Amino acid sequence: MSRLNVLISGAGIAGSALAYWVARFGHSATVVERSESLRSSGAPVDVRRPAMPIVERMNIVPRLREASTVVSGWTLLDEAGERSAHVDLGTLWRLRNEIELPRGDLSTILYETSRDCAEFLFGDSITSLTQDAGGVEVDFERSRPRRFDVVIGADGLHSRVRRLVFGPETEFVRHAGLYVASLPLPPSVDPGRDIIMLNAPGKTVGLHPSRDRPLALLIFWHPEIPDFDAWETKQHQRILEATFGNLGWRVPEVLAAARASRELWFDAVSMVELANWARGRVAVLGDASSCASLFGDGSSLAIAGAYTLAAALADHPTDHETAFVQYQTVHGKLVGPRLRALSLVAALLVPRTRIGISIRNRFLAIAGPI
Ligand SMILES: Cc1cc2nc3c(=O)[nH]c(=O)nc-3n(C[C@H](O)[C@H](O)[C@H](O)COP(=O)(O)OP(=O)(O)OC[C@H]3O[C@@H](n4cnc5c(N)ncnc54)[C@H](O)[C@@H]3O)c2cc1C
């Protein structure tokens, strides 16, 4: 069998999972990660079908369970802070064989599972990619130039590989109509073991127990903010005050924590859509290729996509074009429905009107969660 030399940009969920499966299928994987080390992030993500059979084959389910959040339920509050519905999430997740854990723990576990079978270059990034008939010449910010058979951009929503090879972000990334912020909370704001979610029309504030430190999630509908800067914390604090400052319950405490926090994260919720996930010897994976950056099962799809791509390369080691077509054909069937479901899920979790909130709560009280 011809042994492929695969370069992966990004040691996130998709990148580390891909490195593992590329190596398991007998090829060579190098991962270049911009950060000096893996950053921890408390934002919880779910590992569920279609990722579950894949993580089972990686033998990491016990570690994922050990790292799982302590959530047992989901309590919904109305605008006045009165309880309006409750869902037993712990039982539901057990029945559905799903695990919720902080995103940082998931990416660390995937990295630790793949680091012995792949080469990892931390604190570096690709600067240029030049393809020819036999391979890809790659320049890096720090490492010497190298040549690979194929290059995979698993470098997230704002992928550099996608920009270098496919075109500017504005062609593929569009605003989904919402913004989201998250931040760790001081111990004084303790939600217990439930996710507690207060809804007002068009906005929601959630307190999440996570595992070690509870966190807040603030989500709201808003048209694209023209001068929005994903790195400008003062601007984020101003926007949060203007949007949530009129709410009671524990929201003033959350806003005070946001004012004091150095770990406030804020971004537009985006949709990424590319007609073709490959160009020549370069392909994109995970959020870089297709995602709804919130409510889209991004982590599970990133793991499933990594397996599908590695399997396609293993099936066609001398024909990357056929491998990439197989990858997109198989994985696209999972991704398409999730992208189409975004507006429905967003409307259910962040209803825009009081009537919408009340219908949703009555529905949940009878039917359980979505
Ligand atoms: C608040 C929030 C809640 C979420 N909840 C869920 C959930 O419940 N369930 C779920 O399934 N998903 C959830 N997601 C989505 C999920 O986190 C992503 O879809 C998933 O992390 C995508 O994985 P990825 O590997 O494609 O990208 P990422 O995890 O973003 O990884 C990309 C990696 O590439 C690196 N990188 C970036 N640029 C470069 C560069 N130029 N060079 C080298 N490396 C680079 C980054 O540092 C990072 O390590 C949530 C997201 C958010 C923001």
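For the structure, check the block above.
None of these values were measured; they are calculated from a predicted model.

Applying the stated criterion across every chain yields a total of 14 aromatic pairs. Judged by centre distance (5.1 Å) and plane angle (85°), the rings of Y20 and W21 are edge-to-face. The class for Y20 is buried, based on a relative accessible area of 10%. Summarising the aromatic geometry, the rings of W21 and Y307 are spaced 4.8 Å apart at their centres and angled 90° between planes, so their arrangement reads as edge-to-face. Taken as a pair, W21 in helix α1 (residues 13–24) and Y307 in helix α9 (residues 298–315) lie far apart in primary sequence, 286 residues in all. Residue W21 is classed as buried on the basis of its relative accessible area of 1%. In this structure an aromatic cluster arises from ring pairing among Y179, F220, F228, F244 and F266.

A few words on the site of the ligand. Not every one of the 31 residues close to the ligand is listed here, only the nearest: A14, E33, R103, D287 and S299. Here a nitrogen atom of the ligand sits 2.9 Å away from a polar atom, N or O, in the side chain of S125. If you list the elements that add at least two residues to the shell around the ligand, you get α1, β2 (28–33), β3 (44–47) and α9. Sorting elements by how many residues they give to the shell around the ligand places α9 first, with four residues. Class assignment of the residues belonging to the shell around the ligand gives a composition of ten nonpolar, eleven polar and ten charged.

Glancing now at the pattern of salt bridges. Under the counting rule described, the total for this entry stands at 18 salt bridges. Notably, a salt bridge pairs R147 with E137, separated by 3.0 Å at the nearest N-O pair. A residue pair is termed long-range when its members are at least 10 positions apart, and R147 in strand β10 (residues 146–148) and E137 in strand β9 (residues 135–140) qualify at ten residues. Linked by salt bridges that have partners in common, D46, R48, E98, D297 and R338 make up one network.

Packed helices, taken two at a time, are described by the angle their axes make and the gap between the axes. α9 packs onto α1 with a crossing angle of 30° between their chain directions and a minimal axis gap of 8 Å. By the angle between their directions, the pair α1 and α9 is classed as roughly parallel. Helix-helix and strand crossings are classified by hand; for α1 and α9 the assignment is right-handed. Across from I13, A14, A17, L18, W21 and V22 in α1, the residues of α9 making contact are S299, A302, I303, A306, Y307, L309 and A310. Split by residue class, the contact of α1 with α9 holds twelve nonpolar, one polar and no charged.

So, about the sheet that holds strand β4 (residues 73–77). A sheet is described by the order of its strands in space; here eight strands give the open sequence β5-β4-β13-β14-β15-β12-β16-β19, paired in mixed fashion. A single partner strand is all that each edge strand has here, and the edge strands are β5 (83–87) and β19 (290–292). The mean angle between the axes of side-by-side strands here comes to 25°, regardless of whether they run parallel or antiparallel. With respect to the sheet, helix α7 (residues 233–244) is in contact with β12 (173–184), β14 (203–208), β15 (215–221) and β16 (265–273), its orientation differing from that of β15 by roughly 70°.

Thresholds, definitions, all that
- Residues numbered from 1 in each chain as written.
- Predicted model: local features only at pLDDT ≥ 70, side-chain atom pairs only at ≥ 80, totals over all residues.
- Heavy atoms only, no water.
- Phe/Tyr/Trp six-rings, centres within 6.5 Å; stacked < 30°, edge-to-face > 60°.
- Buried < 20%, exposed > 50% of the residue type's maximum accessible area, 1.4 Å probe, protein only.
- Helix = DSSP H or I, 4+ residues; strand = E, 2+ residues; numbered from the N terminus.
- Near = heavy atom within 4 Å.
- Polar contact = N/O pair within 3.5 Å; in protein donor to acceptor, adjacent residues only side chain to side chain.
- Nonpolar A, V, L, I, M, F, W, Y, C, P; charged D, E, K, R; others polar.
- Salt bridge = Lys/Arg side-chain N within 4 Å of Asp/Glu carboxyl O.
- Axes fitted to C-alpha atoms, helices over the stretch in contact; angles between N-to-C directions.
- Parallel < 35°, antiparallel > 145°, perpendicular 65-115°, else oblique.
- Left-handed = near helix turned anticlockwise from the far one by under 90°.
- Contact = heavy atoms within 4.5 Å.
- Pairing = 2+ DSSP bridges.

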